[in-house]
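Tertiary structure, described
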Amino acid sequence: MNDTAVAVKQLAGECGGLRIAIVTETYPPEINGVAMTIGRMLAGLLRRGHDIQLVRPRQHEQDRPQVTGRFREVLVRGVPLPRYYGLRMGLPAARRLVRLWEAERPHIVHVVTEGPLGKSALAAARRLGIPASSDFHTNFHSYSKHYGFGMLEPLIAGYLKRFHNRAACTFVPTRELRAQLAG
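The shown structure was predicted, so the numbers you read here are calculated from the model rather than taken from an experiment.

Cut-offs and rules
Residues numbered from 1 in each chain as written. Predicted model: local features only at pLDDT ≥ 70, side-chain atom pairs only at ≥ 80, totals over all residues. Heavy atoms only, no water. Phe/Tyr/Trp six-rings, centres within 6.5 Å; stacked < 30°, edge-to-face > 60°. Helix = DSSP H or I, 4+ residues; strand = E, 2+ residues; numbered from the N terminus. Core = buried A, V, L, I, M, F, W, Y, C linked by side-chain atoms within 4.5 Å. Buried < 20%, exposed > 50% of the residue type's maximum accessible area, 1.4 Å probe, protein only. Contact = heavy atoms within 4.5 Å. Pairing = 2+ DSSP bridges. Axes fitted to C-alpha atoms, helices over the stretch in contact; angles between N-to-C directions. Salt bridge = Lys/Arg side-chain N within 4 Å of Asp/Glu carboxyl O. Expected span 1.5 Å × (residues − 1). Patch = residues over 30% accessible without salt bridge, like charges linked within 9 Å, V, L, I, M, F, W, Y side chains within 5 Å. Areas by Shrake-Rupley, 256 points an atom, 1.4 Å probe, with all protein chains shown as cover. Lys, Arg positive; Asp, Glu negative; His and termini not counted. Charge placed at Lys NZ, Arg CZ, Asp CG, Glu CD.

1. Considering the packing of aromatic side chains
In this structure the tally under the stated criterion is 1 aromatic pair. An angle of 45° between the planes, with centres 6.0 Å apart, marks the rings of Tyr-159 and Phe-163 as tilted. Taken together, the positions of Tyr-159 and Phe-163, both in helix H6 (residues 153–165) and 4 residues apart, correspond to about one turn of that helix.

2. Observations regarding the nonpolar core
Core analysis: the largest hydrophobic core is formed by 22 residues, its most contacted members being Val-23, Val-55, Leu-97, Trp-101, Val-109, Leu-117 and Ala-121. In this view, Trp-101 contacts Ala-21, Val-23, Gln-53, Pro-106, Val-109, Ala-121, Ala-124, Ala-125, Leu-128 and Ile-130; residues no more than four positions away in its chain are not counted. Grouped together as the second largest cluster of nonpolar side chains are 13 residues, Leu-54, Phe-71, Ile-108 and Val-112 included.

3. Some details on the sheet that holds strand E8 (residues 132–135)
Pairing is mixed in the open sheet, where 7 strands are placed in the order E3-E4-E2-E1-E7-E8-E9. For this open sheet the edge positions go to strand E3 (67–68) and strand E9 (169–171), each flanked by a neighbour on one side alone. When E8 meets E9, the two strands line up parallel, connected through 3 bridges. Bridge pairing links Asp-135 to Phe-171 in E9. Of the strands in this sheet, strand E1 (19–23), strand E2 (51–57), strand E4 (71–76), strand E7 (108–111) and E8 are in contact with helix H2 (residues 33–47), which crosses E1 at around 170°. Contacting E1, E2, E4 and E7, helix H3 (residues 94–103) runs over the sheet at an angle of about 155° to E4.

4. Some remarks on the pattern of salt bridges
For the structure shown, the criterion picks out 4 salt bridges. Notably, a salt bridge pairs Asp-51 with Arg-70, separated by 2.8 Å at the nearest N-O pair. With a gap of 19 residues between them, Asp-51 in strand E2 and Arg-70 in the loop between E3 and E4 connect regions that are remote in the sequence. Under the relative-accessibility criterion, Arg-70 is labelled partly exposed at 42%. Asp-63 is the partner of Arg-56 in a salt bridge, and the nearest nitrogen-oxygen pair spans 2.8 Å.

5. A few points about helix H4 (residues 116–128)
Helix length check: H4 (13 residues) gives 18 Å between terminal C-alpha atoms against 18 Å at 1.5 Å per residue, within 8%. Just past H4, the residue Gly-129 takes up positive phi, approximately 70°.

6. Topic: unusual backbone geometry
With the exception of glycine, most residues fall at negative phi, and the peptide bonds are largely trans. A cis geometry characterises the amide bond from Pro-28 onward to Pro-29, with omega recorded as 25°. Looking at where Pro-29 falls in the secondary structure, it is placed in the loop between E1 and H2.

7. Considering a positive patch on the surface
A contiguous patch of positive charge, built from Arg-58, Arg-64, Arg-95, Arg-96 and Arg-99, is present on the exposed surface. The residue Arg-99 is located in helix H3 in this model. A residue is classified by how much of its surface remains accessible, and Arg-99, at 54% relative accessible area, is exposed.

Structure below.
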């Protein structure tokens, strides 16, 4: 367990629950592996008594933020994801996140997706001195060929490396992926 994980665990024990800001481009009712995983993770955190602020792009005109008990959504602007038209990615929002987190400071920021919104969240957390963690779910660099951007694979891989290196820790779904990324 690294120093950040130890500090967060101690803080959770001292305050009875954490204020966690989760930033993601995808979340239920969207149907994909990342959305479903994050939905289950968030439900578990709420059951354990943590306060969750979920920051995500507005997916359609009728999309409204949910606010219930310990859960509050913040919707930001987004644009359709190229070649994945059912999903919108968040636009850069660092200034908005800084204002939001200055007003209601989370104990930790957890970034689920590596798009412009996630990059903004890491920058805002760093500026405010808030610990930030990230998730690595999808090998976008490997999928770049499928989406017709194979020649960009090295650039995408470099971006993902820099992105996750800005977080205090990165969560991965398997030991094999952990070993692959460490290499």
